[in-house]
Amino acid sequence: MTVDKAQQPLEQLIANRRAKLNELKEMGIEPYPSRFRVDESVGAVRERFGEVPAEELEERTPEVRIAGRLQALRGHGKAAFADLSDGSARIQLHLKKDRLGEERWKVFKLLDLGDFIGVEGVVFRTRTGELTVAVDELTVLAKSLRPMPEKYHGLTDREARARQRYLDLLSNPESRYEFELRSRVVSAIRRFLESHGFLEVETPMMHPIPGGATARPFVTHHNALDLELYLRIAPELYLKRLLVGGFERVFELNRNFRNEGISTRHNPEFTMLEFYWAYADYELLMEFTEELVTSVALETVGSLDLPWGEETIHFGRPWRRLTLRDAILEYSDLGPEDLSDRPRMEAAARRLGVERIEERSDGKLLAELFEVTAESRLIDPTFIMDFPRDISPLAKSVPGDPDTVERFELFIGGLEVANAYTELNDPLEQRRRLEEQVKAGGGTLDEDFLLALEHGMPPTGGEGIGIDRLVMLLTSRASIRDVILFPLLRPRDGD
RNA sequence: GGGCCGUUAGCUCAGGUGGUAGAGCACCGGACUUUUAAUCCGAUGGUCGCAGGUUCGAGUCCUGCACGGCCCA
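No experiment lies behind these values; they were computed from the predicted model shown. (Residues numbered from 1 in each chain as written. Chains lettered and ligands numbered in written order. Predicted model: local features only at pLDDT ≥ 70, side-chain atom pairs only at ≥ 80, totals over all residues. Heavy atoms only, no water.)

**Q** Pulling in residues and values, what's your account of the pattern of salt bridges?
**A** All chains considered together, the criterion is met by 46 salt bridges. Between Glu40 and Arg48 there is a salt bridge whose closest N-O contact spans 2.7 Å. Judged by its relative accessible area of 43%, Arg48 falls in the partly exposed class. With its nearest N and O atoms 2.8 Å apart, the salt bridge here joins Lys143 to Asp112. Pair noted here: Lys143 is in the loop between strand E5 (131–142) and helix H6 (158–163) and Asp112 is in the loop between helix H5 (102–109) and strand E4 (116–125), with a separation of 31 residues, a long-range link. Residue classification places Lys143 among the buried positions, given a relative accessible area of 4%. Given the relative accessible area of 9%, Asp112 is considered buried. Overlapping salt bridges, with partners in common, bring together Arg342, Glu346, Arg350, Glu358 and Asp362 in one network. (Salt bridge = Lys/Arg side-chain N within 4 Å of Asp/Glu carboxyl O. Buried < 20%, exposed > 50% of the residue type's maximum accessible area, 1.4 Å probe, protein only. Helix = DSSP H or I, 4+ residues; strand = E, 2+ residues; numbered from the N terminus.)

**Q** Now, about helix H12 (residues 342–351): what can you tell me, with residues and values included?
**A** Within the sequence span of H12, burial applies to Met345, Glu346, Ala348 and Ala349. Around the axis of H12, the buried residues are gathered within 165° of arc, so they sit on the same side. Structural note: H12 exposes Pro343 and Arg351 on the side pointing more than 90 degrees away from its buried face. Taken together, the buried residues of H12 touch helix H13 (362–373). Between the side-chain oxygen at the start of H12 and the backbone nitrogen of Arg344 there is a gap of 3.0 Å, and the oxygen is on Asp341. Just downstream of H12, Gly353 is the residue with a positive phi angle, here 85°. (Arc of directions from axis to C-beta. Contact = heavy atoms within 4.5 Å. Polar contact = N/O pair within 3.5 Å; in protein donor to acceptor, adjacent residues only side chain to side chain.)

**Q** Tell me about the layout of surface pockets, and name the residues and values.
**A** Of the voids in this model, the second largest pocket is the one considered here, and its volume is about 650 Å³. Lining the second largest pocket are 25 residues, with Gln71, Ser85, Leu170, Ser171 and Pro173 sitting closest to its centre. Elements that contribute at least two residues to the lining of the second largest pocket include exactly strand E1 (63–75), strand E2 (79–85), helix H7 (165–171) and helix H8 (173–195). For the lining of the second largest pocket, the class distribution of residues is ten nonpolar, seven polar and eight charged. Mapped onto the domain boundaries, the lining of the second largest pocket takes at least three residues apiece from domain 1 (5–151) and domain 2 (166–331 + 374–483). (1 Å grid on protein atoms, 1.4 Å probe; cavity = no way out; pocket = protein on both sides within 12 Å on 5 of 7 lines; lining within 4 Å. Points joined across faces, edges and corners; volume = space filled by probe spheres on them. Nonpolar A, V, L, I, M, F, W, Y, C, P; charged D, E, K, R; others polar. Domains from an automatic or database assignment.)

The values reported here are purely geometric and, on their own, carry no functional implication.
As structure tokens, then:
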């Protein structure tokens with residue numbers, strides 16, 4: 001292989017591979033064929049012969065036909081070992097010049113790490129006991145033109161792993177495992193809800209009025225209608241319309257979009273489960289949430305004790321329940337008197353470093369106090385209950401206590417994982433609350449939603465669960481970027 | 001938004017106090033027909049993130065910027 005010395009090192013590596021590509025073509029070999037019949041996965045081969053002793057394999061000489069990516073090469077002169085990986089597993093290949101013949105041996109010598117190949121051969125065991133395919137037939141399925149990440153360490157640079165996720169997935173098995181786990185989590189949640197009579201629905205992602213949460217939306221525009229539209233910040237108000245329409249148990253498991261900052265806990269688009277259950281209330285939802293999360297954890301990671309940084313999260317039921325107020329008192333040196341009126345709350349907030357104190361409502365201030373004192377310390381699953389009404393415009397008040405609502409948030413590993421209410425279904429009260437919010441500077445009144453409520457919505461419990469954060473907990477990953485395949489990153493120069 | 005840290009070969013990483021930029025893997029050549037992070041021998045490979053500054057001389061010191069990581073708000 002002649003190499004142009006003036007080229008950059010990466011270009012030289014690519015040039016080497018392109019030269020091999022051309023040699024293959026000159027031999028009349030199509031390096032990107034349309035199809036190759038695969039009889040079984042590598043995993044299936046391992047399953048079939050994993051326990052079969054060497055002598056029996058020698059007798060049976062079982063033939064297999066498999067395909068995958070070449071991940072390692074160990075040459076031995078006129079023979080070689082290689083590792084072939086497909087989506088299911090890895091298996092060793094043994095290639096011998098005398099067994100393959102001149103032509104196929106020449107093809108083999110033109111392969112690089114990362115190439116996809118199909119092989120036909122006989123399963124045997126090496127003297128060290130490794131299950132191996134002695135290759136008889138070799139087909140190039142796709143030539144790779146760029147070098148693979150380092151074989152032992154894989155790709156470790158966090159930025160590169162996120163930007164070129166495919167390299168992360170193919171060189172870091174644990175990364176692949178975590179994303180497979182994510183998929184199993186989502187699947188397990190769907191099965192759990194379906195088995196409890198919930199119907200999966202799809203409501204609009206583009207809203208004429210952003211609602212259902214307080215967050216800045218992404219704005220887009222529909223040309224034909226000349227209409228401003230907002231990517232949804234929550235599906236809540238549409239799902240409730242379905243309760244009005246007579247669906248009693250619905251869920252939606254899909255993306256929300258919030259035009260806010262990016263952090264280890266926030267990505268602008270994130271996956272949320274929201275479900276609504278007629279005739280349920282927040283007490284029932286707490287039990288249901290415990291059951292949902294523990295059964296999903298057992299089904300996917302198979303344990304209720306999961307490592308989280310230096311700590312261990314114990315998912316065993318029942319989970320702790322604590323009012324917002326009690327949580328503040330327990331996790332700070334504040335006493336009940338510090339929360340008894342506005343001036344004392346402000347003084348406490350100032351002492352704890354809360355910013356923009358004056359512009360926050362009483363309820364918001366209480367929530368802030370919770371965030372700075374208790375939130376990060378709630379490691380084992382904890383329901384924080386009974387939120388101030390003025391920060392919960394869609395939740396029903398606690399009977400006899402109009403300033404407090406039947407709402408809980410679930411915290412695990414210091415992360416807010418779920419948010420649920422006994423839903424407000426009194427249309428007149430709902431109008432007052434939303435008008436209050438609009439007056440305080442919070443968006444536009446959704447008259448269409450109020451119209452629906454006026455037709456009657458049954459008493460309902462509703463909940464949202466942040467799926468990315470749940471996956472973070474189940475995979476012990478501290479950053480949301482590690483559980484989203486393609487997290488939003490700032491484009492690099494030249495992109 | 002603030003603080004700290006990082007950015008060196010395709011990948012993984014070294015490079016006290018400023019003095020011609022290194023290793024391992026990969027790649028290339030050679031030896032090797034049961035290895036598995038194969039081994040052995042040899043060779044190639046660099047805009048040291050970018051732009052300025054200080055200096056006889058900057059990967060190293062200073063400033064700014066970009067991207068990323070962690071922490072704080």
